[in-house]
Amino acid sequence: MMTRPEIKKRSKELFSISMPMVVEHLAISVMGMISTMLVSSIGEHATSALGMVDSISNLVIAFFAALTTGGTIVVAQYIGRQDLQSAKRAGGQAIVLSALFSIAVFLILIIFPSQILNVLFGDAEADVMAAALTFLIVTSFSFPVLAITQTIFGLLRGSGDTLTPMVISILMNVANLALGFILIGGLNLGFITIPAFGVMGAAIALLAARTLGLAAAIFFIVKKARGVRLNKIRFFKPDMPIQKTIMRLGVPTSFESGLFQAGRLITIVFVASLSTAAMAANTIAGSIINFVNVPGMALATGVMILIGQRVGRGEIHDIKRATLFATALSSLMFFGLCLIMFFVQGPIFGLFNPSDEALGYLPLIFISCLIVTPLIWSTSFVLPAALRATGDVIYPMVVSIISMLALRVAFSYIFAIWMDMGIIGIWLAMYLDWAARSLFFVPRLLSGKWKGKGIAS
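Quick caveat, the model's predicted, so the values are computed rather than measured.

## Considerations on the side chain of Lys 88
Take Lys 88: it is sitting in helix H3 (residues 84-111). One buried charged residue, Lys 88, forms no salt bridge at all, with the nearest opposite charge on Asp 83 at 10 Å. Not counting residues within four places of it along the chain, the set of residues in contact with Lys 88 comprises Gly 227, Val 228, Arg 229, Leu 230 and Phe 235.

## Section: unusual backbone geometry
One non-glycine residue with positive phi stands out, namely Gln 82, at about 65°. Look at Asp 420: it is not a glycine, yet its phi comes out positive at around 60°. Assignment of secondary structure puts Asp 420 in the loop between helix H14 (394-418) and helix H15 (423-447).

## Observations concerning the nonpolar core
Counting 134 residues, the largest nonpolar core has Ile 56, Phe 121, Met 341, Trp 427 and Trp 434 as the members making the most contacts within it. Sort the elements by how many residues they give to this core and helix H13 (residues 356-389) lands first, with 16 residues. In this view, Ile 56 contacts Leu 109, Ile 116, Leu 117, Leu 120, Phe 121, Leu 136 and Leu 265; residues no more than four positions away in its chain are not counted.

## Observations concerning H13
Spanning 34 residues, H13 covers 46 Å between terminal C-alpha atoms, matching the ideal 50 Å at 1.5 Å per step. Along its length, H13 shows its largest kink, about 60°, at Thr 373, and proline Pro 374 lies within four residues downstream of that point. The element H13 is extensively covered by neighbouring structure, given that 24 of its 34 residues are classed as buried. Within two residues after H13, Gly 391 carries a phi angle of roughly 100°, on the positive side.

## Focus on the environment of Gln 150
Mapping Gln 150 onto the fold places it in helix H6 (residues 143-158). In this structure the C-alpha to C-alpha distance between Gln 150 and Lys 8, which are 142 residues apart in sequence, comes to 31 Å.

## Focus on the environment of Val 105
When you line up the elements, Val 105 lands in helix H3. Filtering out sequence-adjacent residues up to four positions away, Val 105 remains in contact with Val 60 and Phe 64.

## Brief notes about the pattern of salt bridges
A full pass over the atoms with the stated rule returns 10 salt bridges. Between Arg 310 and Glu 13 there is a salt bridge whose closest N-O contact spans 3.0 Å. Of this pair, Arg 310 sits in helix H11 (residues 294-313) while Glu 13 sits in helix H1 (residues 4-40), placing them 297 residues apart in sequence. With relative accessibility at 27%, the residue Glu 13 sits in the partly exposed group. The structure contains a network of salt bridges with shared partners spanning Glu 6, Arg 10, Glu 13, Arg 310, Asp 318 and Arg 321.

What counts, and at which threshold
- Residues numbered from 1 in each chain as written.
- Predicted model: local features only at pLDDT ≥ 70, side-chain atom pairs only at ≥ 80, totals over all residues.
- Heavy atoms only, no water.
- Helix = DSSP H or I, 4+ residues; strand = E, 2+ residues; numbered from the N terminus.
- Buried < 20%, exposed > 50% of the residue type's maximum accessible area, 1.4 Å probe, protein only.
- Lys, Arg positive; Asp, Glu negative; His and termini not counted.
- Salt bridge = Lys/Arg side-chain N within 4 Å of Asp/Glu carboxyl O.
- Contact = heavy atoms within 4.5 Å.
- Core = buried A, V, L, I, M, F, W, Y, C linked by side-chain atoms within 4.5 Å.
- Expected span 1.5 Å × (residues − 1).
- Bend = angle between axes of the 7 residues up to and from the residue.

Bear in mind that shape data such as this cannot, by itself, settle questions of function.
In structure tokens:
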């Protein structure tokens, strides 16, 4: 049993590094919801198209996690050792790998956009497919920009600076929102008229905002960063040992995240085959739930940084206790937030202008998620983040992949299509996936088998 002073000390430590990320994710989620509302003003076909392209974007971003996660863990462990030069070399290599990998992904998307959409969403209605194609082509240009930006954010967080990524992320999202408001619906000020670009305007706004964010991130890490300041060209020269370490720690997580998003993409395909209204409801619910998940996502990143630094300092004895505390705190925060969201769900749904059919799907989806999330989300996602920070990346990867394929994907089809449960079947399968992850990750932490898997001495 923890004493009150210990609880206070651990809470202060975790909140000091996580609160900027809570604010960051809150801002991103709120502005993401507003952006979805702006797109929904175009029509239900645009909302559905946004959901389709977002599922592809999430898959792409998940593969970028190899460099973001690997860089964050390596930098955190080197910072824990007080080896700043190695941390800088690791940061430079992570950025180089991120640039090369993201450009390759961009080329695939820009050459085969219609083929990708047809394979995944061939059953979608024609106006939905046309809007999705426009959005995918334009946003593809932003993926290298986003990959490098996110990698820089990971390096800054690994060194303990979570405030700067927060500020830049909010800047990006404010820019996206402002530009989206202007370009989606147009603007007439008398002396200047900007036409309405619709879906194209939403995509251009996102590309411009991400480019602005990259410029700010590069400026800071080259000129202003107090820890991992990459102001020498030598940090970017190929260093195979460090690259291998980054990839060893990052690739399993990236592979896991990629297949996780691929599984989500498959479930989106199932949703798209139901109806445009079901797809719109899924997009709206997902946008709101992203807001609900903010404390957990922030604490997951925070615990990864703190545990990584503990590994670097050799404080192995405290890792289990610190992880359990962070997981319990995350669940407690979820309980409070979900209770609040239960009472305000109606007005929130109305902000998205859903059709009567889409609105009919939303309450059951939303309430079920508010019940399940405080119980098992944290053990499914916060706890394995700590395992990865110790260097134990293979076990979470294997569990997550098997759970995703055997439960989330398979049962999405069984529930939604075969048993004709519709959209709620997709969400029930997701809850099964979360429960299975929890059943495997908790015993893994308690067993201590994660020890001895950090960066080489």
